[in-house]
Amino acid sequence: MINDLWYKNAVVYCLSVETFMDANGDGVGDFQGLQRRLDYLAGLGVTAIWLMPFQTSPDRDDGYDVSDYYNVNPRYGTLGDFVEFTHGAKQRGIRVLIDLVVNHTSDEHPWFQDARSNPDSRYRDWYLWSDKKPANADEGMVFPGVQKSTWTYDEKAKQYYFHRFYDFQPDLNTANPHVQAELLKIMGFWIQLGVAGFRMDAVPFVIAEKGAEVTKPKEQYDMLRMFREFLQWRLGDSIILAEANVVPKENLNYFGEDGERMQMMFNFHVNQALFYALASADGRPLTKAITDTMSRPQTAQWGMFLRNHDELDLGRLSEKQRQTVFSEFGPDKSMQLYDRGIRRRLAPMLKGDRRRLELAYSLMFSLPGTPVIRYGDEIGMGDDLSLPERNCARTPMQWSTEPQGGFSKNEKPVLPVISGGAFGFEHTNVAQQRRDPNSMLNWMERLIRMRKEAPEIGWGDCVPLDTGDKGVLALRYDWRENSVLVVHNLNPTPVEVEFDVGLDDDGATLIDIVDDGSSQAQKNGKHKLLLDAYAYRWFRVGGLDYLLKRREI
Ligand code: GLC
């Protein structure tokens, strides 16, 4: 298999231009500000940036309501600024992925405005209409508790229109060939301006059959192949990273049996089990989730993550497991959202406990996939639960102890900067952590370096090992006659485990690549490890004799 698949071992950093860095002092982050922070990101070692939506938008859903796909929201800058940014990223060896939000538009998009104003509009059929309110209009809301219906009456159109998400986000009729052609045009446009691919929003809904008469929507998987082919024709190594929270048996439909559809997908299945593991110190469901999502085409890759810009969706856990995670990480109603998730950032969920934070990130970085971190994770930023819905975890980046955390010179930033307490900018910021060799920031930089030095994780076959302790997770990766072994102790107490590395040779030495220390196999061929509470160890399986022997086999 060729080595060129860059996304197999990328380290992705997700950020919102709006809250990252404000260069012009109007209180809103912008591309010029982001441009100035590119060296910071290069220093951290990330290899790809995923930009949340930045196109023109009334911004009622943080930009996930686009009103012009071919422009930058003037609040963030111009297309010129955007190209300067992608160029700057390229110069530093960083690829840029952008959000592609095409399940729906904003209701302010000229297409929708035209469509609703005239039944003969050429855009009428770009959306979904119904004379009567469909029987299932009160089902399938993505934001229960906030969103009332999926079909809303439009006074102007004198018909109901379909919206899977908020009522200001009318769904596009993605089965319409004109809509499909436009969608490809949008991808082609941004590819031309220097992006390396897309994080495709809400993919299962994009490809679902839509319409008033549809009761059991079927997915139109062929559409995925069309997107992929178009994109690769325009730019060979560009990718689509799909947001698709689906059950494991659906995975191959998204990747394609031969990898002919999406190159990457976020692994929501593992994400939920990961939080359960952190909450309960029971790694078995996580091992099961890893195993259940193991099989995939060789060119396909998972996106692994802890928290993202949305709520932590726990909808696929059992009721009992979900309650365990709620009571450990989000006991208060104000921390929960949409009856299924937790809206907090990771650091406050783990009570700012450095040992647990390191465990969580080390684990996520060493799962079979490509790690995706979120701005602020690297310094352990907190949340502001006084802000509505998901905004609590979307506050401005904390750069320094200057007013507004150095994010903006304006006293009224777009969202308030977190101030006061352990997570306030006065205490948690980049400038201070940069100077402190033991800071979270410097630790994260080392973790990133370590992940890059272990390409086995991105490329190799993952083999879970039996450690005899449900709280100790051991994964071995084999690739090109090399093996890497990662061990994580979820337990709040030290434990000793004895396990077999599982290679058909018992001379293996485990060489620690994080700290000092290595482990020799005992006489019985097994390794015995004493692990501190929440300890994590990364080993290269080695020893010269051992390696030579393996090569002979
Ligand atoms: C995705 C996004 C979310 C957004 C929704 C509607 O789920 O991650 O933030 O609100 O799509 O576009």
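- Identification of the protein as Trehalose synthase from Neorhizobium lilium is taken from an unreviewed UniProt entry.

## What about the pairing of strand β21 (residues 509-512)?
Okay, so step 1: As defined by bridge partners, β21 adjoins strand β22 (residues 518-520) across three bridges and the pair is classed as antiparallel. Each bridged residue has a counterpart across the sheet, and for L510 the counterpart in β22 is S519.
Okay, so step 2: Between β21 and β22, which pair antiparallel in sequence order, lie five residues; one of them, G517, sits at a positive phi of approximately 110°.
Okay, so step 3: Direction of pairing for β21 relative to strand β24 (residues 536-542): antiparallel, over a ladder of four bridges. Note that in β24 the partner of D512 across the bridge is F539.

## Thoughts on the packing of aromatic side chains
Okay, so step 1: The final tally for this structure, using the stated rule, is 38 aromatic pairs.
Okay, so step 2: Pairing F82 with F85 gives two aromatic rings, centres 6.3 Å apart and planes at 55°, and the pair type is tilted. Here F82 and its partner F85 are both found in helix α4 (residues 79-91), three residues apart, which amounts to about one turn of the helix.
Okay, so step 3: Note on F85: relative accessible area 0%, which makes it buried.
Okay, so step 4: Seen in terms of ring centroids, F112 and Y161 are 5.3 Å apart; in terms of plane orientation they differ by 65°. Their pairing is edge-to-face. Remark: Y161 occurs in strand β8 (residues 159-162) and F112 occurs in helix α5 (residues 110-117); sequence separation between them is 49 residues.
Okay, so step 5: With a relative accessible area of 6%, Y161 lands in the buried category.
Okay, so step 6: The ring of W129 carries R124 above its face, with NZ or CZ at 4.6 Å from the centroid.

## Focus on the site of the ligand
Okay, so step 1: All residues adjacent to the ligand are D61, Y64, H104, F143, F165, R199, D201, E243, H309, D310, R390 and R394.
Okay, so step 2: Here D61 contributes a side-chain N or O atom positioned 2.6 Å from an oxygen atom of the ligand.
Okay, so step 3: Measuring from an oxygen atom of the ligand, one finds a side-chain N or O atom of E243 at 3.0 Å.
Okay, so step 4: Computed on the free molecule, the ligand has an accessible area of 310 Å², of which 95% lies beneath the protein chains in the complex.
Okay, so step 5: Per-class residue counts for the shell around the ligand are three nonpolar, two polar and seven charged.

Criteria and cut-off values
- Residues numbered from 1 in each chain as written.
- Predicted model: local features only at pLDDT ≥ 70, side-chain atom pairs only at ≥ 80, totals over all residues.
- Heavy atoms only, no water.
- Pairing = 2+ DSSP bridges.
- Helix = DSSP H or I, 4+ residues; strand = E, 2+ residues; numbered from the N terminus.
- Phe/Tyr/Trp six-rings, centres within 6.5 Å; stacked < 30°, edge-to-face > 60°.
- Buried < 20%, exposed > 50% of the residue type's maximum accessible area, 1.4 Å probe, protein only.
- Lys NZ or Arg CZ within 6 Å of the ring centre and 35° of its normal.
- Near = heavy atom within 4 Å.
- Polar contact = N/O pair within 3.5 Å; in protein donor to acceptor, adjacent residues only side chain to side chain.
- Areas by Shrake-Rupley, 256 points an atom, 1.4 Å probe, with all protein chains shown as cover.
- Nonpolar A, V, L, I, M, F, W, Y, C, P; charged D, E, K, R; others polar.

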